[in-house]
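Structure at a glance
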Amino acid sequence: YGQAPYGQAPYGQAPQPVPANSRRRSGDEMIFLYGTAIGAGVGTGVWIDAVAKITNPGPAVVLPFAFAAAFPIGVRIWDSWSPLHRGVPSSIATGLLLGAGEGVAIAGIGALHTEAKENRWSFGTNATFAWTTMVGGGVGGFFFGQWLEPDPRSLAFISSAAGWGAASGLLLGIGVSGAGPNSAKNSWKVGSIAGLVGYDLGIVAAGAASAVYVPSYESQKYMWLGYTAGMAAGCVPMIFYAFSDATFKRAFVATSVGGLAGLGIAIAMAGDLKDPEDKKNALFNPPFNLNIGPALPRPGSQTAENGIMLNANGTF
């Protein structure tokens with residue numbers, strides 16, 4: 001990179017050989033993975049503390065620090081022994097984060113839906129579940145990266161979709177939940193489940209779309225703006241609910257749908273924007289190509305026609 005194109009060479013130099021591995025990951029991807037590995041190491045140490053019921057402050061603090069150092073070192077050794085190709089580091093890091101979020105959400109929902117405190121999972125059980133889903137997400141991210149070799153921007157899109165799905169699902173669940181006694185608690189119960197479903201649907205939908213669509217960071221910025229603006233517009237009905245006897249929480253349905261509508265509009269209007277680095281070496285592509293040349297022989301004839309031929313072609 002930064003040199004002459006492959007197979008060519010600057011003046012006075014021998015031709016550059018084509019590199020054996022042109023799918024090499026970027027340094028930014030590794031920084032993302034190192035940072036996530038540190039967090040995963042801390043989580044692993046906390047999980048061991050919880051399962052082993054270590055209460056002594058010394059060992060309890062040492063383990064998270066020890067694993068926080070060991071995990072990124074392990075990643076460095078792995079990358080040196082078998083270099084990770086493009087998309088894999090980001091996929092692993094994203095999988096770890098999304099998996100941890102899944103585990104924490106399920107543990108929280110379990111506590112919310114379990115009335116008797118003695119029937120709730122212990123901290124060690126919750127930590128085990130969250131650690132398992134985190135590791136499962138990392139493993140799934142590795143295989144996803146190996147199979148699809150995704151652009152890091154696709155992984156940012158998947159993470160964003162998980163957030164959009166969780167927020168809209170939570171608000172929609174609260175909005176459609178029943179009224180009556182314990183209405184507030186019931187709303188959070190329904191909303192938490194709907195939020196988890198939306199979280200998973202966002203991951204699956206964006207993961208499938210990433211096979212054919214890679215939104216730029218510029219496009220994703222407008223997607224977030226569209227989603228936020230849509231949610232703000234969906235809050236307008238709350239003004240009318242404040243002066244009505246209707247159940248106020250029904251207004252959250254409009255907020256949820258408004259966010260998704262704003263997201264859809266942003267994708268339609270700004271989904272094909274390019275990042276600055278994409279434009280740097282881009283060639284101008286006219287709307288149609290115009291060619292002028294000698295007339296070609298008619299079909300079945302070997303004799304050239306007199307005059308010239310004008311040809312225009314392109315795509316709309």
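Bear in mind that the values here come from a model prediction, so they are computed numbers and not experimental data. (Residues numbered from 1 in each chain as written. Predicted model: local features only at pLDDT ≥ 70, side-chain atom pairs only at ≥ 80, totals over all residues. Heavy atoms only, no water.)

1. What about the overall build of the chain?
Regarding its fold elements, the chain presents ten helices and two strands. Taken across its 316 residues, the chain has 32% of its residues classed as buried. The contacts in the chain between residues at least 6 apart in sequence include a share of 72% that link residues at least 24 apart. When the accessible surface of the chain is split by element, carbon and sulfur atoms take 68% of a total near 19,100 Å². (Helix = DSSP H or I, 4+ residues; strand = E, 2+ residues; numbered from the N terminus. Buried < 20%, exposed > 50% of the residue type's maximum accessible area, 1.4 Å probe, protein only. Contact = heavy atoms within 4.5 Å. Areas by Shrake-Rupley, 256 points an atom, 1.4 Å probe, with all protein chains shown as cover.)

2. Observations concerning the confidence of the model for the chain
Model confidence for the chain is summarised by a mean pLDDT of 85, while 87% of its residues fall at 70 or above. Per-element mean pLDDT across the chain ranges from 71 in helix α10 (residues 276-280) up to 96 in helix α7 (residues 217-234). A low-confidence stretch, residues 1-11 stays under pLDDT 50, and its non-local contacts, those more than four residues away or across chains, total 14 contacts. Note that pLDDT drops below 50 for residues 14-22; the model gives that stretch eleven contacts with residues more than four away or on any other chain. (pLDDT = per-residue confidence, 0-100.)

3. What about the environment of V104?
Within the element layout of this structure, V104 appears in helix α3 (residues 88-113). Distance in space between the C-alpha atoms of V104 and W131 is 9.0 Å, their sequence separation being 27 residues.

4. Overview of the pattern of salt bridges
Taken as a whole and judged by the stated rule, the model has four salt bridges. Two residues, R86 and D151, come together in a salt bridge whose shortest N-O distance is 3.0 Å. Highlighted residues: R86 in the loop between α2 (57-81) and α3 and D151 in the loop between α4 (123-148) and α5 (152-176), separated in sequence by 65 residues. Look at R86 and you get partly exposed, because its relative accessible area is 33%. Between D275 and R153 there is a salt bridge, with its nearest N and O atoms 2.8 Å apart. Residue D275 is located in the loop between α9 (251-270) and α10, and its partner R153 is located in helix α5; the two are separated by 122 residues in the primary sequence. Judged by relative accessible area, which is 14%, R153 ranks as buried. (Salt bridge = Lys/Arg side-chain N within 4 Å of Asp/Glu carboxyl O.)

5. Here we look at the packing of aromatic side chains
Counting across every chain of the model gives twelve aromatic pairs. Their ring planes at 85° and their centres at 6.0 Å tell us that F67 and F71 sit as a pair that is edge-to-face. Taken as a pair, F67 and F71 lie in helix α2 at a separation of four residues, close to a single helical turn. Judged by its relative accessible area of 23%, F67 is partly exposed. Taken together, a centroid distance of 5.6 Å and an interplanar angle of 50° make the contact between W121 and F129 tilted. W121 sits in the partly exposed class, given a relative accessible area of 46%. Judged by relative accessible area, which is 27%, F129 ranks as partly exposed. Put simply, the rings of F157, W164, Y213, W224 and Y227 pair up and form one aromatic cluster. (Phe/Tyr/Trp six-rings, centres within 6.5 Å; stacked < 30°, edge-to-face > 60°.)

6. Things to note about α5
The end-to-end C-alpha distance of α5 is 36 Å, a good match for the 36 Å that 25 residues give at a rise of 1.5 Å each. Sitting at the amino-terminal end of α5 is D151, which places a side-chain oxygen 2.8 Å from the backbone nitrogen of R153. (Expected span 1.5 Å × (residues − 1). Polar contact = N/O pair within 3.5 Å; in protein donor to acceptor, adjacent residues only side chain to side chain.)

7. With respect to the packing of α3 against α5
Relative placement of two packed helices is described by the angle separating their axes and the distance separating the axes. Contact pair α3 / α5: the axes reach a minimum separation of 9 Å and the direction vectors enclose 10°. Our classification of the angle between α3 and α5 gives roughly parallel. For the pair formed by α3 and α5, the contact residues are S90, S91, T94 and L98 on the first element and P152, L155, I158, S159 and A162 on the second. A per-class count over the contact of α3 with α5 returns five nonpolar, four polar and no charged. (Axes fitted to C-alpha atoms, helices over the stretch in contact; angles between N-to-C directions. Parallel < 35°, antiparallel > 145°, perpendicular 65-115°, else oblique. Nonpolar A, V, L, I, M, F, W, Y, C, P; charged D, E, K, R; others polar.)

8. Let's talk about the side chain of E29
Of note, E29 is situated in helix α1 (residues 27-52). No salt bridge is formed by the buried E29, whose closest oppositely charged neighbour, R86, lies at an N-O distance of 5.9 Å. (Lys, Arg positive; Asp, Glu negative; His and termini not counted.)

9. Section: the packing of α3 against α4
Close contact between α3 and α4 brings their axes to 6 Å; oriented N to C, the two are set at 150°. Classified by the angle their axes make, α3 and α4 are roughly antiparallel. For the crossing formed where α3 meets α4, the hand is right-handed. Of the residues in α4, those touching α3 at V88, S91, I92, G95, L96, G99, A100, E102, G103, V104, I106 and A107 are N126, F129, A130, T133, M134, G137, G138, G141, F142, F144, G145 and Q146. Each residue belonging to the contact of α3 with α4 can be placed in one class, and the counts come to twelve nonpolar, eleven polar and one charged. (Left-handed = near helix turned anticlockwise from the far one by under 90°.)

10. Here we look at a nonpolar patch on the surface
Residues I38, V42, V46 and F123 make up a contiguous nonpolar surface patch of about 330 Å² in total accessible area. The element that contributes the greatest number of residues to the nonpolar patch is α1, accounting for three residues. With respect to the helices and strands, F123 occurs in helix α4. Note on F123: relative accessible area 56%, which makes it exposed. (Patch = residues over 30% accessible without salt bridge, like charges linked within 9 Å, V, L, I, M, F, W, Y side chains within 5 Å.)

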